[in-house]
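Listed below, chain by chain, are the residues.
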Amino acid sequence: MADKIYPITHAKVGNQDGFRLPRAFSKDYPHLANASGYIEVISENTFLVRLETENVDEADEVESIMMSLFLDFLMKDAMHNPSELVAYTQEMSDEIDDLLADVVID
């Protein structure tokens, strides 16, 4: 990975102080864009940022995308066909519990 230098500027975030990163940083490192972490002060004008990122493997990402697409489809169908919606009942819940009683999840 090539070393890149990104300029930062002061940013007021609500009643907190922060730093604004350029858009290029988020484009180059999208997996870090929403990460949180810690700042370690090294000297008067130098600090080290340590970010905690989750290691999401590609299969989980594909599953997440597919689930999102499926839920979007369901929402669109519900909005276009509201008369076909039925209330979720205790009987339905009990039936599902019975169906899944012997299912073992890894």
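The present account deals with the structure reproduced in this document. Not measured: the values here are computed from a predicted model.

## Notes on the environment of Thr-46
Here is step 1: Mapped onto the fold, Thr-46 is located in strand 4 (residues 46-52).
Here is step 2: Apart from residues lying up to four places away in sequence, Thr-46 is in contact with Glu-40 and Val-41.

## Concerning the packing of aromatic side chains
Here is step 1: Counted under the stated rule, the structure contains 4 aromatic pairs.
Here is step 2: Geometrically, the ring pair formed by Tyr-6 and Tyr-29 is edge-to-face, given 6.2 Å between the ring centres and 80 degrees between the ring planes. Of this pair, Tyr-6 sits in the segment before strand 1 (9-13) while Tyr-29 sits in the loop between helix 1 (23-28) and strand 3 (36-43), placing them 23 residues apart in sequence. An identical accessibility class is assigned to Tyr-6 and Tyr-29; each is buried.
Here is step 3: Aromatic rings pair up to connect Tyr-6, Phe-25 and Tyr-29 into one cluster.

Criteria and cut-off values
- Residues numbered from 1 in each chain as written.
- Predicted model: local features only at pLDDT ≥ 70, side-chain atom pairs only at ≥ 80, totals over all residues.
- Heavy atoms only, no water.
- Helix = DSSP H or I, 4+ residues; strand = E, 2+ residues; numbered from the N terminus.
- Contact = heavy atoms within 4.5 Å.
- Phe/Tyr/Trp six-rings, centres within 6.5 Å; stacked < 30°, edge-to-face > 60°.
- Buried < 20%, exposed > 50% of the residue type's maximum accessible area, 1.4 Å probe, protein only.

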